[in-house]
Amino acid sequence: MTERHFKKILIANRGEIALRVMRTCRAMGISTVAVYSAADARAPHVRFADEAVHIGPAPSKDSYLNIERIIDAAQRTGAEAIHPGYGFLSENADFAQACEAAGITFIGPAPDAMRKMGLKSTARQIMSVAGVPVVPGYDGEDQSFEVLRERAKAIGLPVLIKASAGGGGKGMRVVRYERELEDSIEAARREAEKAFGDGTLLLEKYIDCARHIEVQILGDHHGNLVHLFERECSIQRRHQKIIEETPSPALSPELRKQLCETAITAGRAIEYTNAGTVEFILAPSGEFYFIEVNTRLQVEHPVTEMITGLDLVRLQIEIAEGKPLAIAQEDVKQNGHAIEARLYAEDPSNGFLPATGTLHEWDEPASNDGLRVDAGVEASTEIGIHYDPLLAKMIACGLDRETALRKLTYGLRNLVALGVQTNREFLIHALEHAELQSGSYHTGFIEEHLDELIAKDADEDVLFASVVALYLLKLSQAEAAVLPHVPANYRNNPFRDPSIKLQTGGEAFEISYRAAGDGSFALKCGDWQASAPLVSFELSRELGTVRVAIDGVQRMFRIAEASDQFFLQSQSSSRVVTRSPRYPRAHSASEHESAYAPMPGQVLKILVVVGQQVSAGDALVILEAMKMEQTLRASTAGVVEAVLVKPGDVVAPGDTLVEIAAISSSPIAGV
Ligand code: MV4
């Protein structure tokens, strides 16, 4: 392969990974071309690039997955190479092939390696022949139920049913009892057919309490192939990784050596080039088994970069330019410990449903030594429903695991994201959990500890409501033209303190207050009371920082407001506080009972018509967001009086979708 010297690279991606790749290109003196959909016109990755090309409307299939438009953008700007990032087209062999056919270098593995690893059954067979241990299982062509049932019984329950064309755990089903086999096999086949267009299944012995360990490999076009050690990725929810670290606390030096050497064997078996990851399952017994090869740069690659001191994107580009690997295996060292947490726009308290909204405030902690934030968003970014909900990754490293954990947790406590619900507190709870602190966790961690990981301290509701009350008081005082010392809503009624009505956590709070004369206030709400001086207060709404001393303890709160909503965050919690209307809205007799959108999404299907009688539980509307479907159902009997949406409409949480005249008097809620 002749060596090349790229002057311009197109990044066929968005968000944090697009920016991350661009930063390395810029450091190498390579111009960058961004591509963007209509929804990303003002996105940070577009502004950071040297050039940018609009490639289509918001839906991924019409933009970031549109091969022709991306290649056309490269040709129009003279980009000699394309970096796909992860997700989207990064493991699409047809895209890689189309790039090469257009004379554009695809920065990634060869299409052949992608195709070989794209089907789990093929991957297993190739690796088995190469002497890589695979999970005891069945990956044969006979897909009849009888054969699958017999092979499942021969493997021994529990078995894992996997879609051969699936990836990352999609379509996986664990079967623990023989009576579940038939339904599970048929359901898995249907799901695989629907999701991947290929219903081929494979069976594996399900390894309980396993750990998910992956090894980073790098191959050049001169026969060199090295590993960059392992990453532990056992903290996953529905096969979405959440926290990753290296080194793995589960590996002894001998086991690490075996795993990494086996990963090299796997890479050689498919003559792997560029960056790739070999994934293994590690059983409590210490045995490990190959599960798949990810033929792309992965989200979690920064932990590897932080302990090896290598820039994986730079290495990818140099490999794609035809250069021999600048590092030999003996040059690759593990220095210290690195841990990554993924910040998602989702609501852990609401089934981790995707969250949307405007990021009114985004403030990353300063990247000091050992702390890195790879973010794809900024203040005012609109978080929509079209793309993966990953907002940013925070990575911390230290000489030892405890230091890295402490830095990461502290960094998350000081990350401010106001306006869109995130999993920030969930991450803090997970990182501070004893099992994670000790390193003794396994793949069941989230499922086993979910309740404590999503727990909210209800006592803090009144605290957050009080902070908003103080915020409003001070603002109204500051904005009062006359008599600034007279608190807002002052009523000349000596028998009753003035008060502010607020809602949060599904509860209503009436915070009454009395000025104490020294600038502080005596606050009361039911049997809760506190003396609360505002120690410091940024009067300008823009800064939104309130430092409040409540009962002698000073805390800093970040606050953003939009219409009658206040978004607050302390170092440990966050709340949305809504100002109640001063006087309750008259409940008009004609007001309908309605079905509301439980999450942001797009209307996929309307299942009812006006005039139709429905019973409790009847499906009304199917919504879709981030490839997840959610059926909205009536919660009581009634007659459909109006359908306010049509397929394709984008809806926000709380939007009324269907109005129903309840037959009974009980109210109808959403899903
Ligand atoms: C497995 C497994 C146990 N036994 N395969 C594969 C894709 C990855 N996202 C999860 N994978 C697993 N494959 C066998 N034969 C355990 C996992 C696994 C996992 C499974 C369920 C719930 C969470 C998990 C987290 C990491 C790995």
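Description of the structure in this document. (Residues numbered from 1 in each chain as written. Predicted model: local features only at pLDDT ≥ 70, side-chain atom pairs only at ≥ 80, totals over all residues. Heavy atoms only, no water.)

1. Points about the environment of Val174
As a reminder, the rule being used: Secondary structure elements are defined from DSSP: runs of H or I of at least 4 residues count as helices, runs of E of at least 2 residues count as strands, and each element is numbered from the N terminus. Pairs of residues are marked as contacts when any of their non-hydrogen atoms sit within 4.5 Å.
By secondary structure assignment, the location of Val174 is in strand E8 (residues 173–175). What Val174 contacts, discounting residues up to four positions off in sequence, is Pro158, Val159, Leu160 and Tyr206.

2. A word on the site of the ligand
Applicable threshold: Distances are taken per atom, and a residue is near a molecule or strand as soon as one of its heavy atoms is within 4 Å of it. Residues adjacent in sequence count toward polar contacts only when both atoms are side-chain atoms; beyond that, a polar contact is any pair of N or O atoms within 3.5 Å, and within protein one must be able to donate a hydrogen and the other to accept it. All accessibility values rest on the Shrake-Rupley procedure with a 1.4 Å probe; residue burial counts only the protein chains present in the view. In this classification, Asp, Glu, Lys and Arg are treated as charged, Ala, Val, Leu, Ile, Met, Phe, Trp, Tyr, Cys and Pro as nonpolar, and every other residue, Gly included, as polar.
Lining the immediate environment of the ligand, one finds 17 residues, of which Glu204, Lys205, Ile207, Gln236 and Thr443 sit closest. Here a nitrogen atom of the ligand and a side-chain polar atom of Glu204 are 2.9 Å apart. One of the side-chain N or O atoms of Gln236 is found 3.1 Å from a nitrogen atom in the ligand. Bound to the protein, the ligand loses 92% of the 530 Å² it would expose on its own. Secondary-structure elements contributing two or more residues to the shell around the ligand are strand E7 (159–163), strand E9 (201–205) and strand E14 (288–294). Residue classes in the shell around the ligand are distributed as seven nonpolar, six polar and four charged.

3. Notes on a negative patch on the surface
Basically, it comes down to this: What makes a patch is a set of residues exposed beyond 30% relative accessible area and free of salt bridges, joined within 9 Å when like-charged and within 5 Å when nonpolar (Val, Leu, Ile, Met, Phe, Trp, Tyr). A side-chain nitrogen of Lys or Arg and a carboxyl oxygen of Asp or Glu constitute a salt bridge if their distance falls within 4 Å. The charge count treats Lys and Arg as positive and Asp and Glu as negative. His and the chain ends do not count. Here the site of a charge means atom NZ of a Lys, CZ of an Arg, CG of an Asp or CD of a Glu.
Side chains of Asp142, Glu146, Glu182 and Asp183 sit close together on the surface and give a patch of like negative charge. Looking at the secondary structure, you find Asp142 in the loop between strand E6 (137–138) and helix H7 (145–155).

4. Quick word on the environment of Arg406
With respect to the secondary-structure elements, Arg406 resides in helix H12 (residues 401–413). Placed 10 residues apart in sequence, Arg406 and Ala396 show a C-alpha to C-alpha distance of 8.6 Å.

5. Quick notes on the packing of aromatic side chains
Centre-to-centre distance and the angle between the planes together describe a pair of aromatic rings. Condition: Here a pair means two rings of Phe, Tyr or Trp (six-membered ring of Trp) with centres within 6.5 Å. Their orientation is stacked below 30 degrees between planes, edge-to-face above 60, and tilted elsewhere. Remark: exposure states derive from per-residue accessible area (1.4 Å probe, protein chains only) relative to the maximum for the residue type, with buried under 20%, exposed over 50%, and partly exposed in between. Here, a charge over a ring is recorded when the distance from Lys NZ or Arg CZ to the ring centre is within 6 Å and its angle to the ring normal is within 35 degrees.
Counted under the stated rule, the structure contains nine aromatic pairs. Judged by centre distance (5.9 Å) and plane angle (85 degrees), the ring pair of Phe95 and Phe106 falls under edge-to-face. Placement of Phe95 in helix H4 (residues 93–101) and of Phe106 in strand E5 (residues 105–106) is noted, with a sequence separation of 11 residues between them. The exposure classification of Phe95 matches that of Phe106, with both residues buried. Where Phe280 meets Phe288, the ring centres are 5.6 Å apart and the plane angle is 85 degrees; that geometry is what we call edge-to-face. Following the ring pairs from residue to residue traces out a cluster consisting of Tyr64, Phe88 and Tyr387. It is Arg26 that lies over the ring of Phe48; its NZ or CZ is 3.8 Å from the centre. The ring centre of Tyr441 lies 4.6 Å from the NZ or CZ of Arg211, which sits over that ring.

6. Comments concerning the sheet that holds strand E3 (residues 51–56)
Inclusion rule: Pairs of strands are assigned from DSSP output, requiring at least two bridges between the strands. Angular values range over 0 to 180 degrees, each being the angle between N-to-C directions of two axes fitted as lines to C-alpha atoms, with helices fitted over their stretch in contact.
One open sheet holds the five strands; their spatial order is E3-E2-E1-E4-E5, and the pairing between them is parallel. Where the open sheet ends on each side, the last strands, each with one partner, are E3 and E5. Here strand E2 (residues 31–37) runs beside E3; their pairing, made up of five bridges, is parallel. Following the sheet pairing, Ala34 is matched in E3 by Ala52. Contacts from helix H3 (residues 67–77) reach strand E1 (8–11), E2, E3 and strand E4 (81–83), with the element oriented near 150 degrees to E3.

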